[in-house]
Amino acid sequence: MGWWRQLRWRIIAAQMLVVLVGVVTLIATADALAARTVDPEFLPVFESAVIQALVVAALAAALVGLGASMVLAREILRPLRQLAASSQRIADGHYDERIAMPLSDELRDVAQSFNQMAEALAQVEQQRITLIGNVAHELRTPLAGLEGYLEGMLDGVLPGDPETISAMQHEVRRLRRLVDDLQHLSRVEAGQVTIQPQVFDIVALVERIAAQLRPQLIEQCLNIIVEAPDESVPAYADPDRTAQVLVNLVGNAIRYTPEDGCITLRVRSDATHVQVAVEDTGIGIPAEALPYLFERFYRVDPSRSRASGGSGIGLTIARHLARAMDGDITAFSAGIGKGSVFTLTLPCGARPTTSTR
Ligand code: ADP
């Protein structure tokens, strides 16, 4: 690299240029003034005194300029070098790398942004590791089940009858559901799911879902009620995705509500939003679990949820879909045994927005 391209030498050159211009200007001005104002008899003496003074001043200015440039260059270059070295360390996988705060405000801002970026990268890396661990853990359970059945059959302990094969099929279905959910989750998180928002009547959609699920609910001795205004309530969202989210919420309500319970779908609206609350009289959720419900693989009671085929990512997908439609999902429960309420909020259809993905 040519020396003139280095910041250090450019700063020094700029300082020296200032000294040079100062000296030349002083000589020219002193010369012109002296010719007009100083007695010609004293001119040589005056000129020699001025030149001597200028040489001393130029040397002093050059020395101070050089020193100041060096200090300034070091103050700028040291954090920049540290930034480059730290970037390299992060690129090599050391996500705990942080840089010290420099003195100047501007470089401090850069260092702060860098440290924030490093922090975000560390979190993403941590989430990636956790995700792989969770996926492996989730796969292990049905695989261990299948392995057990196969070993039992090979050893002759278990008969190869339809019952055993049906139990194996159950494990395979669980695996398939997990893989499908994971694929869906990755597409939703990558923003690859198509959302086609339009104005539609949310009351009609809720009633259709309730009608579809009623036979299943009757079978499980559960009641389903729709509480909605008599007139239509326009929402602005993707109707298919909205149905997917609601089916998921009602599916959970069914799963976590014991016999003779009741599931209520309540539709409300205000000037800007419509809301569908899916309320059940089921097992409820402890307060300390509420903040984590929408995290991947989170289950309040892992063994119970896993036994019922839950992958623990249904709510994560549902919230992503709701947010992709400019809405959200919130959860509430008064506590264990006191039922739960999951509320889906969507933009009101009377306020056309234009978010397409
Ligand atoms: P899963 O497939 O395990 O049901 P979800 O992401 O849909 O996964 O739900 C996460 C967890 O939230 C569940 O394991 C369960 O513990 C809790 N949960 C969800 N819905 C309800 C509900 N209606 N009542 C009680 N607990 C619920």
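Keep in mind that this is a model prediction, so the values were computed, not measured.

Student: Whenever I open this one, the pattern of salt bridges confuses me. Can you help?
Tutor: Two side chains with opposite charge may pair up if their charged atoms get near one another. Inspection of the entire model under this criterion finds twelve salt bridges. Of the charged contacts in the structure, one is a salt bridge between Arg-296 and Glu-189, with a shortest N-O distance of 3.0 Å. Placement of the pair is Arg-296 in the loop between β5 (273-280) and α7 (302-307) and Glu-189 in helix α4 (residues 162-189), with a sequence separation of 107 residues. Taking the relative accessible area as the measure of exposure, Glu-189 reaches 34% and is therefore partly exposed.

Student: How should I be thinking about the sheet that holds β5 in this particular structure?
Tutor: Sheets are built from strands that pair by backbone hydrogen bonding, the pairs being arranged parallel or antiparallel. The strand order across the open sheet built from five strands is β2-β4-β5-β7-β6, with neighbouring strands paired in mixed fashion. The open sheet is flanked by β2 (223-227) and β6 (328-332), the only strands paired with a single partner. Strand after strand, the sheet turns through a mean of 15° between neighbouring axes, direction not considered. With eight bridges joining them, β5 and strand β7 (residues 340-347) adopt antiparallel strand pairing. Considered in β7, the bridge of Gln-275 is made with Thr-345. On top of the sheet, helix α8 (residues 314-324) reaches β6 and β7; it is set at about 135° to β6, its chief contact.

Student: Just checking my understanding: could you explain the pairing of β7 for this structure?
Tutor: Across a regular strand the side chains alternate sides, sitting on one face of the sheet and then on the other. Across the eight residues of β7, eight count as buried, placing the element largely inside the fold. By the alternation rule, side chains of β7 split into Ser-340, Phe-342, Leu-344 and Leu-346 and Val-341, Thr-343, Thr-345 and Pro-347, which are all buried. Pairing geometry for β6 and β7, over five bridges, is antiparallel. Following the sheet pairing, Phe-332 is matched in β7 by Val-341.

Student: Would you mind showing me how to read the side chain of Ser-86 here?
Tutor: With respect to the element layout, Ser-86 can be found in helix α2 (residues 43-91). Those residues within four positions of Ser-86 in sequence are excluded, and the remaining contacts are Glu-97, Ile-99 and Phe-114.

Student: I'm lost on the layout of surface pockets in this one. Help?
Tutor: A water-sized probe rolled over the atoms picks out the places where empty space is left. In this structure, the largest pocket encloses a volume near 790 Å³. Surrounding the largest pocket, 37 residues form its lining, Asn-248, Asn-252, Arg-255, Tyr-256 and Leu-315 being those nearest its centre. Broken down by secondary-structure element, the contributors of at least two residues to the lining of the largest pocket are α4, α6 (239-255), α7, α8 and β7. With eight residues, the top contributor of residues to the lining of the largest pocket is α6. By residue class, the composition of the lining of the largest pocket is 17 nonpolar, 13 polar and seven charged.

Student: Would you mind showing me how to read helix α1 (residues 7-37) here?
Tutor: Because the α-helix completes a turn every 3.6 residues, residues three or four places apart line up on one side. Compared with an ideal rise of 1.5 Å per residue, which puts 31 residues at 45 Å, α1 spans 44 Å between its outermost C-alpha atoms and is within 8% of the ideal. What α1 keeps buried is the set Ile-11, Ile-12, Val-19, Val-23, Ala-30 and Ala-34. Along its buried surface, α1 packs onto α2.

Student: I'm lost on the side chain of Thr-316 in this one. Help?
Tutor: Inspection of the secondary structure puts Thr-316 in helix α8. According to the relative accessible area criterion, Thr-316 is buried, its value standing at 5%. Within the structure, the side chain of Thr-316 is placed 3.2 Å from the backbone oxygen of Phe-294, a separation counted as a polar contact. In contact with Thr-316, not counting residues within four places along its chain, are Leu-185, Glu-189, Phe-294, Glu-295 and Arg-296.

Student: Looking at this structure, I do not really get α6. What am I missing?
Tutor: When the terminal C-alpha atoms of α6 are compared, their 24 Å separation across 17 residues agrees well with the 24 Å that a helix rising 1.5 Å per residue should span. Every buried residue belonging to α6 is among Pro-239, Thr-242, Ala-243, Val-245, Leu-246, Leu-249, Val-250, Asn-252, Ala-253 and Ile-254, and all of these are buried. For α6, the capping residue at the N-terminal end is Asp-238, with a side-chain oxygen 3.0 Å from the backbone nitrogen of Asp-240.

What counts, and at which threshold
Here the residue numbers are simple positions, counted from 1 along each chain's written sequence. In keeping with the predicted nature of the model, local features appear solely for residues at pLDDT of at least 70, side-chain atom pairs appear and are counted solely at 80 or more, and the whole-chain, interface and lining totals rest on all residues. Remark: hydrogens and water are excluded; side-chain values derive from all non-hydrogen atoms of the structure. By definition, a salt bridge exists where a carboxyl oxygen of Asp or Glu is found within 4 Å of a side-chain nitrogen of Lys or Arg. Put simply, DSSP H or I for four residues or longer makes a helix, DSSP E for two residues or longer makes a strand, and each gets a number counted from the N terminus. Only protein chains enter the calculation, and the probe is 1.4 Å; a residue is then buried if its accessible area is under 20% of its type maximum, exposed if over 50%, and partly exposed in between. Should DSSP find at least two bridges between two strands, the strands are taken to pair. Interaxial angle, 0 to 180 degrees, is taken between N-to-C directions of lines fitted to C-alpha atoms, where a helix line uses only the stretch in contact. Any two residues whose heavy atoms approach within 4.5 Å at even a single point are treated as in contact. Of the two site types, the cavity is a set of points on a 1 Å grid over the protein atoms alone where a 1.4 Å probe fits but cannot get out, and the pocket is an open set with protein on both sides within 12 Å along at least five of seven lines, each lined by residues with an atom within 4 Å of a point. Grid points are joined across faces, edges and corners, and a volume is the space filled by probe spheres set on the points. By the convention adopted, Pro, Cys, Tyr, Trp, Phe, Met, Ile, Leu, Val and Ala count as nonpolar, Lys, Arg, Asp and Glu as charged, and the other residues, Gly among them, as polar. Expected span, for any helix, means 1.5 Å times one less than how many residues it has. Polar contacts, as counted here, are pairs of nitrogen or oxygen atoms within 3.5 Å of one another; within protein the pair requires one atom able to donate a hydrogen and one able to accept it, and residues that are adjacent in sequence qualify only if both atoms are side-chain atoms.

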